[in-house]
There are 2 protein chains.
Amino acid sequence: MPQYQPPLRDIRFVLHELLGVDQECRAIPAYSEVDAELIDQVIEEGGKFCAEVLYPLNRSGDEEGCRYQGDGVVRTPAGFPEAWQQFAGAGWPSLTVDPVYGGQGLPKCVGIVMDEMMNSANQAWTMYPGLTHGAYECLHAHGTEEQRKLYLPKLTSGQWLGTMCLTEPHCGTDLGLLRARAEPQADGSYRISGTKIFISSGEHDLTENIVHLVLARLPDAPEGTKGVSLFIVPKFVPAADGSLGERNGVKAARIEEKMGIHGNATCVLDFEQASGWLVGEPNRGLPAMFVMMNAARIGVGVQSLGQTVVAYQSALEYACERLQGRSLGGPKAPDKPADPIIVHPDVRRMLLTQKAYAEGGRAFAYWLALMADRSLVHPDAQVRSDAEDMLALLTPVVKAFLTDNGFACTNLALQVYGGHGYIREWGVEQHVRDSRINMIYEGTNTIQSLDLLGRKVLQDNGAKLRKFGALVAAFVEAEGTREDMAEFVNPLAELGQKIEKLSLEIGMKAMQDPEEVGAAAVDYLRLIGHLVMSYFWARMARIALDKAEEPFYRAKLATARFYFARLYPETAALLQSARSGAGTLMALEPESF
Amino acid sequence: MPQYQPPLRDIRFVLHELLGVDQECRAIPAYSEVDAELIDQVIEEGGKFCAEVLYPLNRSGDEEGCRYQGDGVVRTPAGFPEAWQQFAGAGWPSLTVDPVYGGQGLPKCVGIVMDEMMNSANQAWTMYPGLTHGAYECLHAHGTEEQRKLYLPKLTSGQWLGTMCLTEPHCGTDLGLLRARAEPQADGSYRISGTKIFISSGEHDLTENIVHLVLARLPDAPEGTKGVSLFIVPKFVPAADGSLGERNGVKAARIEEKMGIHGNATCVLDFEQASGWLVGEPNRGLPAMFVMMNAARIGVGVQSLGQTVVAYQSALEYACERLQGRSLGGPKAPDKPADPIIVHPDVRRMLLTQKAYAEGGRAFAYWLALMADRSLVHPDAQVRSDAEDMLALLTPVVKAFLTDNGFACTNLALQVYGGHGYIREWGVEQHVRDSRINMIYEGTNTIQSLDLLGRKVLQDNGAKLRKFGALVAAFVEAEGTREDMAEFVNPLAELGQKIEKLSLEIGMKAMQDPEEVGAAAVDYLRLIGHLVMSYFWARMARIALDKAEEPFYRAKLATARFYFARLYPETAALLQSARSGAGTLMALEPESF
């Protein structure tokens, strides 16, 4: 049966050899005490927890699922609450939290490693703390001093967990249609009423209290998205000392039956005159919520990174063990009745696709977490601002590109298993079902692409894109003279130029017809994704070239070559398709479809 | 809630306007009484059965699944046996069967319409009769007169159903490893022993008897695939008059828990000294079984065609009803709180992808069924032989290309639903799960691609491919002078030339290194798939151009344009990737992955 092995060697390669996180930390006073040794200790310990505690609960959690026991009570699968106690007891919820609120103050580029491993081991379980971190960030940024003091230490210690309550039955993407109401009370609190759906971890038995962050409308609010406010609605109303008071008027009406992530309770929550407290300014709920949302979007990309990694490990193990047929080039295991299927070129293509997207995606995601660290706490204002731009530009890309790839890769893992992959027993089909949601929640991948092309690229006339382009250009300039780098640098440089030209073209067309943005956006996002992949694979190849006598680095080089030979060519199709315009999409009347 | 509407207008378009089935039938004596009116009656009646009887059992069948009740007994979901009684009672199992054995003798190009609609309505249910047809064909071609007389009328009437028993725990793709044994008995029968897995419809409560066609080895059989024989092993041994005799030694040990097709019983079958009768020659079981297999492969392509169609209908309905956001080009439904999401270009891209692959796939599959008819019963030997070549060449393509597209399309349908698509309630995620198996069974899509490139193209030096190329060339020649056809004819001609060149290239490389075939095969198959799509979309556009004042034909034209603008560009990537060679795939040692 498959096992999850934390890929520590690959992780250290990205953190230390590619990103130089140690050195980055030395440049940031808040992280001056973080060094490579500490980081390696943390990820090793974290990896153990993921492999030994979370992974064994993954398939059982899927089989058992969450159960709605009536009257708002939800039971998570066997072992889930105990794993949470162990996780919180070991201090993991506080890993990257501000020391002011009891945290360990490690950078996000270390926290993301734990996120990847947790999602490899058990995505459904990891979703319980997953959104808590967003709730923490949101209160940290927008809460009053009193709110922060009351809630943050409890979220940090893992005593309480948090949720995000946005979606309603009639509104998901379009939050302007939101109907939940908030009535002001004499004591400064509000009464919140309405129904929220698709609330991940909305009710459960992991913690004594659950802190809901809820979007609702004040009585005098303007229509649309500018009339939405954010409220904190705890399941139990806490006293000032954090002790639990009365049960609040929020209750799970049911949990959804879903394609996957069965171990996470996706709730319909009824709010009936629930006590809530305003977070931030009235009618400014959406911008406040977007603090959570952006962190959550990177988090979703990392969910798929984790799923890609674990599915790949599983497929690789199977491909090395399953004996079937002979190599076309002559028997490779003549002493056995057949060769292991990893001898076949197409099985290798499927495995290498997973490997290239896993390792390239890891480089991308960890680097973006480093940009988040820089943007928040780097002492140099210009570095902070540049990092913020990279983060804004590439957050939709890490979300959509990694989740599309993750679904493709978990499917390839299933395909490597053949018929056995379709059987639940082996667990690989669960990775397909679990990772499927990632293309949808926290903004569908279409929404991500519109955010990228419409807002992040066209609205600032490509300024942020040029900043990333400058990184690429600097690398091309520096390495372009090395002959052995030409196979990596040339396609990277070429793609950069083509994207620059395409961006201008779409910008021109969009001025005539706004539908042109929507028509090109999804292809455009994948092109940017490949530009990022090309950049990081070229950088990783550069490191590996100098150490190619070691198998680890030879494998990195081989994977880089595979990426450019087999995955990069998708850009040829994307460029044509992105350029084909809105005409063929908009021609038909709805009734002629 | 979604409903299935048999797409009769589109089906008639393909049968009558594109393929001229009526005229084809007039040229074939065996079908001389088949005309358009009869065909339309049959498909209308069949469509009703699918929509009214099978579709309502689709989701309930998925929820309930099959149950193993111990001691070899399997219960199918509620309503399944009754639906079978109704189906058999109406004579549907005999639709395309030889009148000699009680059939109605309709051509396969009409039977395939029923197959499509049944698979749209309920793939899991349709799998019960699905393989029976293969068993019928196999016995029809290779059985003795006695076997045919005993079994075929029962299979035709629907009193009995059939299975194919190939796979064993340690062997799926590589049937040379097969271990099941057959010991000859004094009375001319055999005792069959061994374990078979993944047997679709291996045990159930639809019929009084189940006829297993089983691969096993005779005591003196040579090793490998040349020592495999085919046996008929009925669940109850029939007397010469067809009445049921003793319970045979074949028993379901359990049923598999799977990702989807929960309504079909996927069985582990234990054969313990079961009575069996040889079909065809000793040690020639594989060629005999391949009669079934080839028919089954087209059938699997049609399963995904059916899934694509029903998922598209579901997504289209949702896209027209779900109000969310406003069109970037200004409100389209100003009287409503938001526009239906079908106004958005990317929602249209997702819908049109499904529409183009559904309608193009239908043209392809129905045409291939017509080739099967021609190959079997056309009076002209040259026509028969040409049709047989087309069938041999394109059977792996219809299987792999349609099932890959089908999975992509059901996923796009899910994506159109957003979060609601991930919830079981709407049914669209079931289409994703059900259609996933189609890429695997009856030979994985990698196996299909090796069959196409290795056997069907390279082994006969491209002769079959040139026959299809001649069809394309004739069309290009005939229509190339029409200016309004240029947008369709030019890319078709261009792709044909590029594939010709690529085929030569790969052939040359393969002479040096056999791994080059495996390295290029999957991309190559998709290229051929696009050549076929381009050909049929160009032909459909040609018909539509002359009637473009009618909305139905305008929609066909718009969909053809969408295909060439948005889906055809994939060929640019495939050409590069197919050409990239085996080197990057074979570089790594297994332990370095």
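Just so we're clear, the structure is a prediction, and the values are computed from it rather than from any experiment.

Student: What am I meant to see in the pairing of strand β9 (residues 244-247) of chain A here?
Tutor: The side chains of a regular strand alternate, residue by residue, between the two faces of the sheet. Residues and elements named next belong to chain A. The sheet contact formed by strand β8 (residues 236-238) and β9 spans two bridges and is antiparallel. Counted as the bridge partner of Pro-238 is Leu-244 from β9. Linking β8 back to β9 in an antiparallel pair, the connection comprises five residues, with Gly-242 at a positive phi of about 90°.

Student: It is not clear to me how the packing of aromatic side chains should be interpreted in this structure. Could you clarify?
Tutor: Centre-to-centre distance and the angle between the planes together describe a pair of aromatic rings. Applying the stated rule across the entire model yields 49 aromatic pairs over all chains. With a centroid separation of 6.4 Å and an interplanar angle of 90°, the aromatic rings of A:Phe80 and A:Tyr128 are classed as edge-to-face. Of the two residues, A:Phe80 sits in helix α5 (residues 80-89) while A:Tyr128 sits in helix α7 (residues 123-142), which places them 48 residues apart along the sequence. Overall, A:Phe80 belongs to the buried group, its relative accessible area being 1%. Between B:Tyr318 and B:Tyr417, the aromatic rings sit 4.2 Å apart at their centres with planes inclined by 25°, giving stacked as the arrangement. Within this pair, whereas B:Tyr318 is found in helix α9 (residues 285-321), its partner B:Tyr417 is found in helix α11 (residues 381-417), the two being separated by 99 residues in sequence. For the pair formed by B:Tyr318 and B:Tyr417, the shared burial category is buried. Through pairs of rings, three or more aromatic residues link up here, namely A:Trp367, A:Phe468, A:Phe475, A:Tyr535 and A:Phe536. In this structure, A:Arg9 is placed above the aromatic ring of A:Phe552, and the distance from its NZ or CZ to the ring centre is 3.9 Å. The aromatic ring of A:Phe236 is capped on one face by A:Arg247, whose charged end is 5.6 Å from the ring centroid.

Student: I keep staring at unusual backbone geometry and nothing clicks. Help me out?
Tutor: Peptide bonds are, in most cases, trans, and in most cases residues other than glycine have a negative phi. For A:Asp71, which is not glycine, the phi torsion reads 50° and is therefore positive. Mapping A:Asp71 onto the fold places it in the loop between β1 (67-68) and β2 (74-75). In this structure A:Asp71 comes out as exposed when scored by relative accessible area, which is 60%. Of note in this structure, B:Asn283 is not a glycine but carries a positive phi near 65°. On the secondary structure map, B:Asn283 appears in the loop between β11 (266-279) and α9.

Student: Got a minute to help me understand the packing of helix α1 (residues 8-18) of chain A against helix α17 (residues 515-545) of chain A in this structure?
Tutor: The angle between the axes and the distance between the axes are what describe a pair of packed helices. Residues and elements named next belong to chain A. Two numbers describe how α1 lies on α17: the axes approach to 11 Å, and their chain directions differ by 85°. Between α1 and α17, the interaxial angle falls into the category roughly perpendicular. Within the contact between the two elements, α1 uses Phe-13, Glu-17 and Leu-18 and α17 uses Phe-536, Arg-539, Met-540 and Ile-543. Here the contact of α1 with α17 is composed, by residue class, of five nonpolar, no polar and two charged.

Student: I would appreciate a short explanation of the relation of the copies chain A and chain B in the present structure.
Tutor: What connects the two chain copies is a rotation about an axis and a shift along it. Once chain A is rotated about the relating axis by 180° and shifted along it by 0.0 Å, it coincides with chain B to within an RMSD of 0.0 Å. Put plainly, the chains are arranged around a two-fold axis.

What counts, and at which threshold
Residues numbered from 1 in each chain as written. Chains lettered and ligands numbered in written order. Predicted model: local features only at pLDDT ≥ 70, side-chain atom pairs only at ≥ 80, totals over all residues. Heavy atoms only, no water. Pairing = 2+ DSSP bridges. Helix = DSSP H or I, 4+ residues; strand = E, 2+ residues; numbered from the N terminus. Phe/Tyr/Trp six-rings, centres within 6.5 Å; stacked < 30°, edge-to-face > 60°. Buried < 20%, exposed > 50% of the residue type's maximum accessible area, 1.4 Å probe, protein only. Lys NZ or Arg CZ within 6 Å of the ring centre and 35° of its normal. Axes fitted to C-alpha atoms, helices over the stretch in contact; angles between N-to-C directions. Parallel < 35°, antiparallel > 145°, perpendicular 65-115°, else oblique. Contact = heavy atoms within 4.5 Å. Nonpolar A, V, L, I, M, F, W, Y, C, P; charged D, E, K, R; others polar. Least-squares fit on C-alpha atoms with pLDDT ≥ 70 in both.

Interpretation in functional terms is not warranted from these geometric data alone.
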